[in-house]
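# A look at the structure
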Amino acid sequence: MSVSITALHPIFVGEVAGIDCHAPLAREEVAAIEAGMNDYAVLAFRDQNNTDEEQIAFSRHFGELESYATPGHIRRRAEQRLGPGIADFSNLDKDGRIMSAEDRVWFFKLGDRLWHSDSSFRPAPAKYSILSGRLIPSWGANTEFADMRAAYDALDERTKAEVEELVCEHSLIYSREAIGFTDMTAEEIEAFRPVRQPLVRTHPVTRRKSLFLAAHAGAIVGWTIPEARMFLRDLTEHATQREFVYSHSWRLFDLVMWDNRTTMHRARRFDHSEVRDVRRTTLAGDALLITQGRHACS
Ligand SMILES: [Fe+2]
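What this report covers is the structure whose coordinates are included nearby. Within each chain, residue numbers correspond to sequence positions counted from 1 in written order. Where local features are concerned, this predicted model is filtered to residues with pLDDT of at least 70; where side-chain atom pairs are given and counted, the filter is 80 or more; whole-chain, interface and lining totals use all residues. As a convention, hydrogens and water are excluded, and side-chain values are obtained from all of the structure's heavy atoms.

## Digging into unusual backbone geometry
- Residues other than glycine seldom take positive phi values, yet Asp47 does so here, at roughly 55°.
- Secondary structure counts use DSSP, requiring at least four H or I residues in a row for a helix and at least two E residues in a row for a strand, with both numbered from the N terminus. Structurally, Asp47 is set in the loop between strand 3 (42–45) and helix 2 (52–59).
- With a phi close to 60°, Ser119 is a non-glycine residue in the positive phi region.
- Take Ser119: it is sitting in the loop between helix 3 (104–110) and strand 5 (126–135).

Below you can see the structure in the form of structure tokens.
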């Protein structure tokens, strides 16, 4: 069966048919998915009831898994429900019980309801994220995506010139602070020291430009904080207008893959008394060059 992709939204997001994510992919299948990612930026695969190992194997067709040390007290390895290579984005604790709404791990998760790009707060931000829906609540819990290429294209010329050379500082601390979660330990503050990222990035294959925004962005180099926060808020509002946004309503065993270099996403509310078990593999991206002309040098 050959791979085919059907658009789910007028400007991005496709649904893939003809792929079985359990089995090793043929080279042509990998190429078709990569071409689809370059074009659609988000791809949905239906009815993929994978094990964690199968999801990891599927993901590795598209690059290296992201690997980094998480500060121990957010969630130690011994307190984790899943093995290495796959991240737990459920509301379950290590014993499979719904975690307390007062658990600080839950507070960290709530920050994902703000628009963001995965790992933009790391020196090498993520390439693709791949999320599988293992248990889906009866209401809510959509994942929304925004096309940052379309958002860039729609900027007026003056704003395009203004953002071109800007450098932002991203930190997990900024996005958690935005929801009033400021109770960080010294180890967390150290682990999440801001990193610099250009505000405009160019896709390595398509050469299309996109806005590299996230709730993790909390400063612009050379700007005052209030001016920077206001501008970032305005840009985010622009970039997440409904015409640039697709809302994914999860079906059981959906697998959704997105390119963090060209999209932002956010999680939506659901009933905390219901289980949401979603698991993510993440592919490492490249560190971005802060070029000489950019404001980091001023
Ligand atoms: Fe995310």
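## Considerations on the pairing of strand 13 (residues 255–259)
- The rule is simple: take the accessible area with a 1.4 Å probe, protein chains only, and divide by the maximum for that residue type; under 20% is buried, over 50% is exposed, in between is partly exposed. Most of strand 13 is tucked away, with 5 of its 5 residues classed as buried.
- Burial along strand 13 is two-sided: Leu255, Met257 and Asp259 and Val256 and Trp258, pointing in opposite directions, are all buried.
- What makes two strands pair is DSSP finding at least two bridges between them. Looking at chain direction, strand 3 and strand 13 are connected through 4 bridges and run antiparallel. Within strand 13, the position partnered with Val42 by the bridge is Trp258.
- Pairing between strand 5 and strand 13: 5 bridges, direction antiparallel. Each bridged residue has a counterpart across the sheet, and for Ser129 the counterpart in strand 13 is Trp258.

## Brief notes about the packing of aromatic side chains
- In summary, the pairing rule links any two rings of Phe, Tyr or Trp, Trp by its six-membered ring, whose centres are within 6.5 Å, and it sorts them by plane angle into stacked for under 30 degrees, edge-to-face for over 60 and tilted for everything else. Considering all chains together, one arrives at 9 aromatic pairs under this definition.
- Both rings, one in Phe58 and one in Phe62, keep their centres 5.4 Å apart while their planes meet at 65°; by these two values the pair is edge-to-face. Across the pair, exposure class does not vary: Phe58 and Phe62 are buried alike.
- Ring geometry for Phe145 against Trp258: centres 5.2 Å apart, planes inclined by 55°, an arrangement best described as tilted.

## Here we look at helix 2
- Residues Asp52, Gln55, Ile56, Phe58 and Ser59 constitute the buried set of helix 2. For helix 2, the angular spread of buried residues about the axis comes to 160°, placing them on one side.
- Any pair of residues with heavy atoms lying within 4.5 Å of one another is described as a contacting pair. Buried residues in helix 2 make contact with helix 1 (27–40), strand 3, strand 5, strand 13 and strand 15 (277–284). Think of the arc as the fan of directions from the helix axis to the C-beta atoms.

## A few points about the side chain of Gln48
- Summarising the element assignment, Gln48 is placed in the loop between strand 3 and helix 2.
- For this analysis, a polar contact is any N or O atom pair within 3.5 Å, provided that within protein one partner can donate a hydrogen and the other can accept it, and provided that sequence-adjacent residues contribute only side-chain to side-chain pairs. At 2.9 Å, the side chain of Gln48 forms a polar contact with the backbone nitrogen of Cys21.
- When residues no more than four places from it in sequence are discounted, the contact partners of Gln48 are Ile19, Asp20, Cys21, His22, Phe253 and Leu255.

## Brief notes about the sheet that holds strand 1 (residues 4–7)
- The strand order 1-2-3-13-5-15-4 describes an open sheet built from 7 strands, whose pairing is mixed. Only two strands of the sheet have a single partner each, and these edge strands are strand 1 and strand 4 (87–88).
- The pairing of strand 5 with strand 15 spans 7 bridges and is classified as antiparallel. Its bridge partner lying in strand 15, Ala126 is registered against Ala284.
- Helix 1 contacts strand 1, strand 2 (14–17), strand 3, strand 5 and strand 13 of the sheet and is inclined by roughly 130° relative to strand 3. Helix axes are fitted only over the stretch in contact, all axes being lines through C-alpha atoms; the angle between N-to-C directions runs from 0 to 180 degrees.

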